[in-house]
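Structural overview
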Amino acid sequence: MRALIALALSLSLVLMSAAPVLAQKASPGTLTPPVTALLTAIRSADKGQLAISEEDGRFLRMLVATRGAKTILEIGGASGYSGIWLGLGARETGGKVVSIEYDPQRAKEAAANIRKAGLEDVVRVVHGDAFAEIPKLAGTFDFVFLDAWKPDYQKFFDMVFPRLTPGGVFTAHNVINKKSDMTPFLKTIETHPGLFTTIVSPGLEGISVSYKTR
Ligand SMILES: C[S@@+](CC[C@H](N)C(=O)[O-])C[C@H]1O[C@@H](n2cnc3c(N)ncnc32)[C@H](O)[C@@H]1O
């Protein structure tokens with residue numbers, strides 16, 4: 001009997017000490033303090049101000065997760081800032097991100113930053129020209145984030161749209177502050193019969209969100 005009571009006591013002690021740990025366990029894709037610090041450091045080091053804003057990053061992370069996107073393509077990854085936000089969303093959906101960047105130094109920094117964020121199993125940084133690298137990727141995309149040079153947007157859309165899954169989402173950055181550099185692209189996404197498009201502005205630069213309806 002004594003042995004039984006002792007066993008029950010030690011079992012309840014084990015359960016009690018495990019409970020707070022389980023309750024505190026972060027869900028996948030949570031923004032932890034070290035990742036927040038890393039994101040701040042990337043933006044501080046971003047002298048060319050290439051990275052998207054934090055508000056835009058949060059919005060992308062939210063879109064990836066709520067859409068349940070599994071295959072995510074980023075065109076123009078720079079040093080990995082937006083790639084981390086996309087990766088946090090993909091961590092939650094069990095998806096994967098391919099982020100393409102043709103500047104060798106930035107691609108190296110992106111890979112290092114993705115590693116520091118603990119997202120190397122989710123985000124793959126590809127160094128190369130996206131016009132050459134996209135055809136080498138297999139399969140279709142549930143979610144695309146386009147943030148390369150703005151006059152190339154129409155060409156990238158033409159290349160990627162046939163590979164966007166029905167119900168997939170095509171997003172593009174700077175559609176407000178660099179609107180005049182991408183007139184043909186904006187006309188396409190606003191009039192395309194197979195897309196429903198809205199333009200939002202979580203930060204100041206603008207993101208187009210186009211949903212493939214068929
Ligand atoms: C505005 S920055 C991207 C910022 C990044 N999305 C972020 O928020 O951290 C644009 C990047 O696209 C890259 N880029 C432009 N054209 C490209 C292409 N054809 N293939 C791959 N990368 C390209 C540039 O080298 C640059 O680093």
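The structure we're discussing is the one just above.
These notes cover the structure that comes with them.

Cut-offs used in this document
Throughout this description, residue numbers start from 1 for each chain and increase along the sequence as written. Only residues with pLDDT of 70 or above have their local features reported here, since the model is predicted, and side-chain atom pairs are shown and tallied only from 80 upward, although totals for entire chains, interfaces and linings are computed over all residues. Note that water and hydrogens are dropped before the side-chain values are worked out from all heavy atoms of the structure. Throughout this description, buried means an accessible area under 20% of the type-specific maximum (1.4 Å probe, protein chains only), exposed means over 50%, and partly exposed covers the range between. Proximity is defined per residue: if any heavy atom of the residue lies within 4 Å of a molecule or strand, that residue is considered near it. Definition of a polar contact: a pair of N or O atoms within 3.5 Å, with one able to donate and the other able to accept a hydrogen when the atoms are protein atoms, and with sequence-neighbouring residues admitted only if both atoms are side-chain atoms. Surface accessibility in these figures is a Shrake-Rupley result with a 1.4 Å probe; residues are shielded only by whichever protein chains are displayed. Only protein atoms enter the 1 Å grid used here. Points where a 1.4 Å probe fits but cannot escape make up a cavity, open sets with protein on both sides within 12 Å along at least five of seven lines make up a pocket, and a residue lines them when an atom lies within 4 Å of a point. A molecule is said to be in a cavity or pocket once over half of its atoms fall within 2 Å of that pocket's grid points. Put simply, DSSP H or I for four residues or longer makes a helix, DSSP E for two residues or longer makes a strand, and each gets a number counted from the N terminus. The convention used is that axes are lines fitted to C-alpha atoms, helices contributing only their stretch in contact, and that angles between N-to-C directions extend from 0 to 180 degrees. For classification purposes, an angle smaller than 35 degrees is called roughly parallel, one larger than 145 roughly antiparallel, one from 65 to 115 roughly perpendicular, and anything else oblique. Between two residues, a contact is recorded if the distance between any of their heavy atoms is within 4.5 Å. Strands qualify as paired when DSSP identifies two bridges or more between them. Grid points are joined across faces, edges and corners, and a volume is the space filled by probe spheres set on the points. Polar here means any residue outside two lists: the nonpolar Ala, Val, Leu, Ile, Met, Phe, Trp, Tyr, Cys and Pro, and the charged Asp, Glu, Lys and Arg; Gly therefore counts as polar. For Phe, Tyr and Trp, rings pair up if their centres lie within 6.5 Å, where Trp contributes its six-membered ring, and each pair is then called stacked (planes under 30 degrees apart), edge-to-face (over 60) or tilted (otherwise). Look at NZ for Lys and CZ for Arg. If either is within 6 Å of the ring centre and within 35 degrees of the ring normal, a charge sits over the ring. To qualify as a nonpolar core, a set must consist of buried Ala, Val, Leu, Ile, Met, Phe, Trp, Tyr and Cys residues joined through side-chain atoms within 4.5 Å.

1. Side note on unusual backbone geometry
Non-glycine residue Gln-49 carries a positive phi angle of around 50°. Its relative accessible area of 67% is what places Gln-49 among the exposed residues. The backbone of Ala-78 sits at a positive phi, close to 45°, despite the residue not being glycine. The buried category is assigned to Ala-78, whose relative accessible area is 16%.

2. Brief notes about the site of the ligand
Near the ligand, the surroundings consist of 20 residues, among which Ser-82, Glu-101, Arg-106, Ala-130 and Asp-147 are the closest. The separation between an oxygen atom of the ligand and a polar main-chain atom of Ile-52 is 2.9 Å. Coverage of the ligand by the protein chains reaches 98% of its 610 Å² of free accessible surface. In a pocket analysis with a 2 Å cut-off to the grid points, the ligand is assigned to the largest pocket. Those elements that provide at least two residues to the shell around the ligand are α4 (81-93) and β2 (96-101).

3. Here we look at the packing of helix α2 (residues 33-45) against α4
Packing of α2 against α4 leaves a shortest axis separation of 9 Å and a crossing angle of 155°. Between α2 and α4, the angle is such that the two are roughly antiparallel. Facing Val-35, Leu-38, Leu-39, Ile-42 and Arg-43 of α2, the residues of α4 in contact are Tyr-81, Ile-84, Trp-85 and Leu-88.

4. What about the sheet that holds strand β6 (residues 195-200)?
The strand order across the open sheet formed by seven strands is β3-β2-β1-β4-β5-β7-β6, and the pairing between neighbours is mixed. Both edges of this open sheet fall to β3 (123-127) and β6, since each of them pairs with a single strand only. Adjacent strand axes in the sheet meet at a mean angle of 15°, parallel and antiparallel pairs treated alike. In the sheet, β6 pairs with strand β7 (residues 207-212) via six bridges, with the strands oriented antiparallel.

5. Let's talk about the layout of surface pockets
When its volume is computed, the largest pocket comes out at roughly 870 Å³. In terms of lining, the largest pocket is formed by 43 residues, of which the most central are Leu-50, Ala-51, Ala-78, Arg-106 and Trp-149. Counting only elements with at least two residues in the lining of the largest pocket, the list comes to α2, α4, β2, α5 (104-116) and α6 (130-133). In terms of residue class, the lining of the largest pocket is built from 18 nonpolar, 13 polar and twelve charged.

6. Quick look at the packing of aromatic side chains
Per the counting criterion, the structure on display carries seven aromatic pairs. Ring geometry for Tyr-153 against Phe-185: centres 5.4 Å apart, planes inclined by 85°, an arrangement best described as edge-to-face. Of the two residues, Tyr-153 is situated in helix α7 (residues 153-160) and Phe-185 in helix α8 (residues 183-191); the sequence distance between them amounts to 32 residues. Phe-185 shares its class with Tyr-153; the two are buried. On the numbers, 5.1 Å between centres and 25° between planes, the contact of Phe-157 with Phe-161 is stacked. According to the relative accessible area criterion, Phe-161 is buried, its value standing at 14%. Pairwise contacts between aromatic rings join Tyr-153, Phe-157, Phe-161, Phe-170 and Phe-185 into one cluster. The cationic tip of Lys-155 hangs over the ring face of Phe-131; the distance from NZ or CZ to the ring centre is 4.6 Å.

7. Some points on the nonpolar core
Grouped together as the largest cluster of nonpolar side chains are 28 residues, with contacts concentrated most on Leu-60, Ile-72, Tyr-81, Ile-84, Leu-86, Leu-119 and Phe-143. By residue number, the principal contributor to this core is α4, which donates six residues. In this structure, Leu-60 is in contact with Ile-52, Leu-86, Phe-143, Phe-145, Thr-171 and Ile-207, ignoring residues within four places of it in sequence. Residues Val-98, Phe-141, Leu-164 and Ile-189 belong to the second largest nonpolar core, which totals 26 residues.

8. Description of the packing of α7 against α8
Direction vectors running N to C along α7 and α8 enclose 40°, while the axes themselves pass 7 Å from each other. Accordingly, the angle class assigned to the pair α7 and α8 is oblique. Across the interface between the two elements, Tyr-153, Gln-154 and Phe-157 from α7 touch Pro-184, Phe-185, Thr-188 and Ile-189 from α8. Along the lines of polarity and charge, the residues of the contact of α7 with α8 split into five nonpolar, two polar and no charged.

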